[in-house]
Amino acid sequence: MTEPVAEETRRLTVFLVDDHAMFRAGVRAELGAYVEVVGEASTVAEAITRIAATQPDVVLLDVHMPDGGGRAVLDAMRRSHPQVKFLALSVSDAAEDVIGLIRAGARGYVTKTISPDELAAAVRRVADGDAVFSPRLAGFVLDAFASRPDVPVADPELDQLTNREREVLRLLARGYAYKEIAKELFISIKTVETHVSNVLRKLQMSNRYELSRWAADRRLV
């Protein structure tokens, strides 16, 4: 007599949290063959309500959103729904973002350059209780939990910047052109220019080369 296999064949349920509709649509299409995407949200409040309603196995969570981002979702959900596991999926690979999300309760952190197959595998591993990180990010976590003093956790100058300004700064420091930054972050070139102008003003710098050195000194690049 054949043994039941329902548990083995049950598709994992996944919820998407990201403020870019185009990105969510892409992830939904890429993961559709591997998991069941049971919902999505573009704001923190929406995410909290819908995750509670759907109770997915894994939440793919963006780090930076206009109304608080992944940390706010984690802080609201981890006590009331401890069975739901969170995997950060972000354009940011900055140490302070990785450490902040892991300390808040995320089971892993991968960047948006990850392939569909790798993302599906990461979701499965997180659902099974493993911790998953994009290769260079694991070192940040090891450093932080070993109480290494050279890992940046708080920075008064960095704290002046909004989440979006940090993302723009990071890409700018890597040598991205304004057009490339706009494409990466799904915003207009004019908006990129505005963010760069705001960062220069807040940090009292005059050009992108100073910004690049400043970002490199803080391991943001």
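Residues numbered from 1 in each chain as written. Predicted model: local features only at pLDDT ≥ 70, side-chain atom pairs only at ≥ 80, totals over all residues. Heavy atoms only, no water.

Draft legend 1. Geometry of the packing of aromatic side chains. Using the criterion set out here, one finds 0 aromatic pairs in the structure. A cation over an aromatic ring shows up here: lysine 112 above the ring of phenylalanine 23, its NZ or CZ 4.1 Å from the ring centre. (Phe/Tyr/Trp six-rings, centres within 6.5 Å; stacked < 30°, edge-to-face > 60°. Lys NZ or Arg CZ within 6 Å of the ring centre and 35° of its normal.)

Draft legend 2. Structural view of the packing of helix 8 (residues 163-173) against helix 10 (residues 189-203). Close contact between helix 8 and helix 10 brings their axes to 9 Å; oriented N to C, the two are set at 95°. The orientation of helix 8 with respect to helix 10, classified from their angle, is roughly perpendicular. Together, Arg164, Glu165, Val168, Leu169 and Leu172 of helix 8 and Val192, His195, Val196, Asn198, Val199 and Lys202 of helix 10 make up the contact between the two elements. Class assignment of the residues belonging to the contact of helix 8 with helix 10 gives a composition of 6 nonpolar, 2 polar and 3 charged. (Axes fitted to C-alpha atoms, helices over the stretch in contact; angles between N-to-C directions. Helix = DSSP H or I, 4+ residues; strand = E, 2+ residues; numbered from the N terminus. Parallel < 35°, antiparallel > 145°, perpendicular 65-115°, else oblique. Contact = heavy atoms within 4.5 Å. Nonpolar A, V, L, I, M, F, W, Y, C, P; charged D, E, K, R; others polar.)

Draft legend 3. Representation of the pattern of salt bridges in the model. Under the defined criterion, the tally for this structure stands at 11 salt bridges. Measuring nitrogen to oxygen at the nearest pair gives 3.2 Å for the salt bridge that ties arginine 50 to glutamate 46. Taken together, the residues span about one helical turn, with arginine 50 and glutamate 46 both in helix 3 (residues 44-54) at a distance of 4 residues. For arginine 164, the salt bridge identified is with glutamate 167, shortest N-O distance 2.4 Å. Taken together, the residues arginine 164 and glutamate 167, both in helix 8 and 3 residues apart, mark about one turn of the helix. With respect to burial, arginine 164 and glutamate 167 carry one shared label: buried. In this structure, a network of salt bridges that share partners links the residues Asp18, Asp62 and Lys112. (Salt bridge = Lys/Arg side-chain N within 4 Å of Asp/Glu carboxyl O. Buried < 20%, exposed > 50% of the residue type's maximum accessible area, 1.4 Å probe, protein only.)

Draft legend 4. Spotlight on empty space enclosed by the protein. Under the counting rule described, the total for this entry stands at 1 cavity of 30 Å³ or more. Every residue along the wall of the largest cavity is listed here: Leu16, Val17, Asp18, Phe23, Arg24, Val27, Leu60, Leu61, Asp62 and Leu89. Elements with a contribution of two residues or more to the lining of the largest cavity: strand 1 (13-17), helix 2 (21-31) and strand 3 (58-61). For the lining of the largest cavity, the element with the most residues is helix 2, which contributes 3 residues. (1 Å grid on protein atoms, 1.4 Å probe; cavity = no way out; pocket = protein on both sides within 12 Å on 5 of 7 lines; lining within 4 Å. Points joined across faces, edges and corners; volume = space filled by probe spheres on them.)

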